[in-house]
Amino acid sequence: ASLLKDMNLADIMTGLAASGKNAKDMGAYKFWQTQPVPKFGEDGSKVDDGPLKIQKIDDIDREPQPLVAGFEWVTVDLMDDEEMKEVYELLNGHYVEDDEAMFRFNYIPEVLRWAMMAPGWQRKYHIGVRASQSRKLVAFISAIPVRIRVRDKTFTSSEVNFLCVHKKLRGKRLAPVLIKEVTRVSNLDGVWQGLYTAGVVLPRPVSTCRYYHRALNWKRLHACGFSPLPAGSKPEYQVRRYALPDNTATRGLREMQDGDVDAVVGLLKRYLARYDMAPEFAAPEARHWFLPKKDSKQVIWPYVVEENGKVTDFFSFFCVESSIIKNNDVLRVAYLFYYATEAGIGEAVDKPALKQRLNALVKDALILAKRAKMDVFNALSLMDNALFLEQQKFGGGDGHLHYYLFNYRASPIPGGVNAKNEL
Ligand code: MYA
């Protein structure tokens, strides 16, 4: 605790004190210092949460900024299989890699459709750059509208994702141009706030989470270099350590159905009230984010617990593959998504009971993910995850995920972990 006293409180709260290895001085952020985002070194905790800059639609450019000669703006039609394939291929070859360039996200078209065609989506937010001559898609950015609550205020924002520039065009300041374009399109729709996450440090995270990984198929993870053999251990021991029962244990656990949507929306609304920042889900959003699409490769695995005709618990995980760069294979990676339980709702939550319930639910989630042929199960240090990560044998990874708000000042949200359950 004495060490903490000497550090900037805001940086500790957002995890930067621990993970600021790629942070630069504010002056070095040539683009970001021109944008309505909080700056490093300014203490936002004494100011009320709210927008940083107020503008009018009349003041917003009607046309995009021109691109350098040889490139042009397009909107991408994700309903068209050929155009979807172009986005897939751009991301498959050029999207996010780990620090050692061993793995790269492989967002298959089904996942891209799920992520970018959520309720309220519009084609004009699927923004691409093509080379004029070859017609090749060389850069992309996207957004969907989300209702987000930060403490007691709820607002609409553009959730920006899949920013990608072809490796041959890196370092040419194309990313700022894409970001300004998605901002312009949002502003013309009367949307003035943005929400985004990134593995890199930018001015200035509202919260920072660490990635945790739980091996499901340790042998595969070891073979591809994801899980090293701990010193003094043997492979058989690792396999045994991560072994799971064949069957789930929670009474009343079953797959979520269409008829559960209203119950899940209600449960989530009450459970997410625990947190300083959370999205708002109405029935259409819940249906989109949680119910698997028929006749399509499965992206989302949602479960409920029903007892005496009442839904008491909900959890979900989704799958995003990662390409193993050296051998063209893929890892199937499950990501813990939203969950909610009656055990965490109410005036006086019984912490040990909540901890016990979450451990039971997440253990079942691991079993179900293994059954769905996932190799590893990822979770972040957010929500109430601190209550089960260690007991369920998750290990802390190298990666951090920084959460950002655009044109919104909010005092920092503790370490990405619910303040009541610090890791
Ligand atoms: S996060 C995933 C981002 N994608 C990847 O990491 C894929 C692999 N990398 C690439 O494709 C490129 O390296 C990218 C940068 C495209 C990332 N978010 O063009 P440049 C700043 C924001 O010369 P490049 C996701 O998708 C950098 O600090 N800014 O660089 C969410 C520098 O600015 P400054 C970033 O390497 C995206 C400038 O760009 C990021 O060729 C949310 C350099 O530009 C990053 N991840 O291309 C976007 N990385 O000089 C913001 C670098 O100031 C949305 N930079 O340091 C904001 C809200 C908008 C909506 C608002 C509505 C009102």
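Turning next to the overall build of the chain. Helix and strand content of the chain: eleven helices and 14 strands. Computed over the C-alpha atoms, the radius of gyration of the chain is 22 Å, within 12% of the 22 Å expected from 2.2 N^0.38 for a compact globule of 423 residues. Overall size of the chain, expressed as C-alpha extent along the three principal axes, is 60 × 50 × 50 Å. Counting every position in the chain, which comprises 423 residues, the buried fraction comes to 50%. Put simply, of all contacts in the chain between residues at least 6 apart along the chain, 75% involve residues at least 24 apart. Accessible surface, the chain: about 20900 Å² in total, of which carbon and sulfur atoms supply 51%. For the chain, the distance from the average position of its 58 positive side-chain charges to the average position of its 52 negative side-chain charges is 4 Å.

Taken together, 35 residues are adjacent to the ligand, and W32, L163, G171, R173 and A175 come closest. At 2.9 Å from an oxygen atom of the ligand is found a main-chain nitrogen or oxygen belonging to V165. The separation between an oxygen atom of the ligand and a polar main-chain atom of A175 is 2.8 Å. Its free accessible area being 1200 Å², the ligand has 89% of it covered by the protein chains. Only β5 (153–165), α6 (174–188) and β6 (193–198) provide two or more residues apiece to the shell around the ligand.

As a further point, take the pattern of salt bridges. Under the definition given, this model contains 20 salt bridges. For E97, the salt bridge is made with K167, and the minimal N-O distance between the two is 2.6 Å. Of this pair, E97 sits in the loop between α4 (81–94) and β2 (103–106) while K167 sits in the loop between β5 and α6; the two residues are 70 residues apart in sequence, bridging distant segments of the chain. Across the pair D384 and R274 runs a salt bridge whose closest N-O atoms are separated by 2.9 Å. A residue pair is termed long-range when its members are at least 10 positions apart, and D384 in the loop between β13 (376–380) and β14 (395–406) and R274 in the loop between α9 (261–272) and β9 (277–279) qualify at 110 residues. Both residues of the pair, D384 and R274, belong to the buried class.

For the rest of this paragraph, the subject is the confidence of the model for the chain. Mean pLDDT over the chain: 92, with 92% of residues reaching 70 or higher. Listed scores for the predicted complex are pTM 0.95 and ipTM 1.00.

Our next topic: the state of the cysteines. Counted according to the given criterion, the structure contains zero disulfides. This cysteine, C164, is not joined by any disulfide, and C319 carries the nearest cysteine sulfur, 20 Å off.

For the pair α9 and helix α10 (residues 283–290), the least separation of the axes is 9 Å and the interaxial angle reads 100 degrees. It follows that α9 is roughly perpendicular to α10 by the angle criterion. From α9, V261, D262, V264, V265 and L268 reach across to α10, where they touch A283, A286, R287 and F290. Residues belonging to the contact of α9 with α10 are distributed by class as follows: seven nonpolar, no polar and two charged.

Our focus in this paragraph is the nonpolar core. Of all hydrophobic cores here, the largest spans 107 residues; its most connected members are F290, F317 and F377. Excluding residues within four positions of it along the chain, F290 makes contact with M256, V264, L268, F281, I300, P302, F314, S316, F337 and Y338. Counting residues in each nonpolar core, the second largest holds 29 residues, with V129, V165, L174 and A198 among its members.

Moving on, we get to the environment of G396. Inspection of the secondary structure assignment puts G396 in strand β14. A C-alpha to C-alpha distance of 28 Å links G396 and E342, two positions 54 residues apart in sequence.

For α6, built from 15 residues, the straight-helix expectation of 21 Å at 1.5 Å per residue is met to within 8% by its first-to-last C-alpha distance of 21 Å. The complete set of buried residues in α6 reads L174, P176, V177, L178, I179, E181, V182, T183, R184, V185, S186 and N187. Where α6 terminates, the next one or two residues include G190, which has phi positive at roughly 80 degrees.

For the rest of this paragraph, the subject is the packing of aromatic side chains. As enumerated under the stated definition, the model contains 33 aromatic pairs in all. Plain terms: the ring middles of Y95 and F105 are 6.4 Å apart, the flat faces sit at 40 degrees to each other, and that makes the pair tilted. Placement of Y95 in the loop between α4 and β2 and of F105 in strand β2 is noted, with a sequence separation of ten residues between them. This pair shows no difference in class: Y95 is buried, exactly as F105 is. Here W114 and W289 contribute two aromatic rings whose centre-to-centre distance is 5.1 Å and whose plane-to-plane angle is 75 degrees, an arrangement assigned as edge-to-face. Residue W114 is found in helix α5 (residues 109–116), and its partner W289 is found in helix α10; the two are separated by 175 residues along the sequence. In this structure, W114 and W289 share a single accessibility class: buried. Connected via pairs of aromatic rings, a cluster forms that spans Y271, Y275, W301, Y303, F315, F317, Y339, F377, F388 and F394.

Conventions adopted
- Residues numbered from 1 in each chain as written.
- Predicted model: local features only at pLDDT ≥ 70, side-chain atom pairs only at ≥ 80, totals over all residues.
- Heavy atoms only, no water.
- Helix = DSSP H or I, 4+ residues; strand = E, 2+ residues; numbered from the N terminus.
- Rg over C-alpha atoms; globule rule 2.2 N^0.38 Å.
- Buried < 20%, exposed > 50% of the residue type's maximum accessible area, 1.4 Å probe, protein only.
- Contact = heavy atoms within 4.5 Å.
- Areas by Shrake-Rupley, 256 points an atom, 1.4 Å probe, with all protein chains shown as cover.
- Lys, Arg positive; Asp, Glu negative; His and termini not counted.
- Charge placed at Lys NZ, Arg CZ, Asp CG, Glu CD.
- Near = heavy atom within 4 Å.
- Polar contact = N/O pair within 3.5 Å; in protein donor to acceptor, adjacent residues only side chain to side chain.
- Salt bridge = Lys/Arg side-chain N within 4 Å of Asp/Glu carboxyl O.
- pLDDT = per-residue confidence, 0-100.
- Disulfide = S-S within 2.5 Å.
- Axes fitted to C-alpha atoms, helices over the stretch in contact; angles between N-to-C directions.
- Parallel < 35°, antiparallel > 145°, perpendicular 65-115°, else oblique.
- Nonpolar A, V, L, I, M, F, W, Y, C, P; charged D, E, K, R; others polar.
- Core = buried A, V, L, I, M, F, W, Y, C linked by side-chain atoms within 4.5 Å.
- Expected span 1.5 Å × (residues − 1).
- Phe/Tyr/Trp six-rings, centres within 6.5 Å; stacked < 30°, edge-to-face > 60°.

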